[in-house]
Amino acid sequence: MPKILWNPSFSIGSAVLDEHHQHLAGLINRLAECATGGAHSEAFVDILCELAQYAKYHFTHEEKLMEEHGFPRRQMHSGEHTRFCEAISDTSYEATQGCCDIEHLVCYLSDWWERHILQEDMQLKPFFAALGGN
Ligand SMILES: [Fe+2]
Ligand SMILES: [Fe+2]
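The secondary structure content of the chain amounts to 5 helices and 0 strands. When the helices and strands of the chain are placed in sequence order, the string is α-α-α-α-α. In terms of overall dimensions, the chain is globule-like: its C-alpha atoms have a radius of gyration of 15 Å, near the 14 Å expected for 134 residues. Its C-alpha atoms give the chain principal-axis dimensions of roughly 45 × 25 × 20 Å. The buried share of the chain, taken over its 134 residues, is 19%.

The following block contains the structure:
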């Protein structure tokens, strides 16, 4: 997977959420780098655990903003967050059991970055623009 390199076109118009997304990109990049060390390496499991915790923290914040501003797609959007948490939780369990398919995980994360962050989260941009940023 090519490394995710942050660029200004990824901004959804919220300094806080952009910072969160940059942190998530860093964790995804670190997991992809771990691919060579195998899914059972301690570093891999630690980063996966950090991703699960940080994603929950980020989703809580993002969902609160969507709720506060009456974002119309928030239910569908929150559903995607829930499914992501479930997928990472399942993968974490598999990693502790030594049967995690790391390539599948890296593909999933890359796809999620493209489809969720760069498309679904991007739908929030006009809302933040109307509010003058968040
Ligand atoms: Fe989101
Ligand atoms: Fe997000």
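Let us now look at the packing of helix H2 (residues 42-68) against helix H3 (residues 74-96). Relative orientation of the contacting elements H2 and H3 amounts to 170°, with a least axis distance of 10 Å. What the angle tells us is that H2 and H3 run roughly antiparallel. Viewed along their axes, H2 and H3 form a crossing whose handedness is left-handed. Residues Phe-44, Val-45, Leu-48, Cys-49, Leu-51, Ala-52, Ala-55, Lys-56, Phe-59, Glu-63, Met-66 and Glu-67 of H2 lie in contact with H3, whose contacting residues are Arg-74, His-77, Ser-78, His-81, Phe-84, Cys-85, Ile-88, Ser-89, Thr-91, Ser-92, Ala-95 and Thr-96. Looking at side-chain class alone, the contact of H2 with H3 contains 13 nonpolar, 7 polar and 4 charged residues.

Now for the environment of Ser-41. For Ser-41, the position within the fold is in the loop between helix H1 (15-34) and H2. The exposure class of Ser-41 is partly exposed, given the 15 C-beta atoms found within 10 Å. Through-space distance from the C-alpha of Ser-41 to that of Ile-12 is 34 Å; in sequence the pair is 29 residues apart.

Here helix H4 (residues 102-120) contains 19 residues, and its C-alpha end-to-end distance of 25 Å stays within 8% of the 27 Å for a straight helix at 1.5 Å per residue. Listed in full, the buried residues belonging to H4 are Ile-102, Leu-105, Leu-109 and Trp-112. Taken together, the buried residues of H4 touch H1 and H3.

Counting residues in each nonpolar core, the largest one holds 15 residues, and the members touching the most others are Ile-28, Leu-31, Phe-44, Leu-48 and Leu-109. If you list the elements that add at least two residues to this core, you get H1, H2, H3 and H4. Those residues in contact with Leu-48 that sit more than four places away from it in its chain are Leu-31, Ile-88, Thr-91, Ser-92 and Ala-95.

Conventions used here
Residues numbered from 1 in each chain as written. Chains lettered and ligands numbered in written order. Predicted model: local features only at pLDDT ≥ 70, side-chain atom pairs only at ≥ 80, totals over all residues. Helix = DSSP H or I, 4+ residues; strand = E, 2+ residues; numbered from the N terminus. Rg over C-alpha atoms; globule rule 2.2 N^0.38 Å. Buried ≥ 20, exposed ≤ 12 C-beta atoms within 10 Å, placed from the backbone. Axes fitted to C-alpha atoms, helices over the stretch in contact; angles between N-to-C directions. Parallel < 35°, antiparallel > 145°, perpendicular 65-115°, else oblique. Left-handed = near helix turned anticlockwise from the far one by under 90°. Contact = placed C-beta atoms within 7 Å. Nonpolar A, V, L, I, M, F, W, Y, C, P; charged D, E, K, R; others polar. Expected span 1.5 Å × (residues − 1). Core = buried A, V, L, I, M, F, W, Y, C linked by C-beta atoms within 7 Å.

The analysis is restricted to geometry; functional conclusions fall outside its scope.
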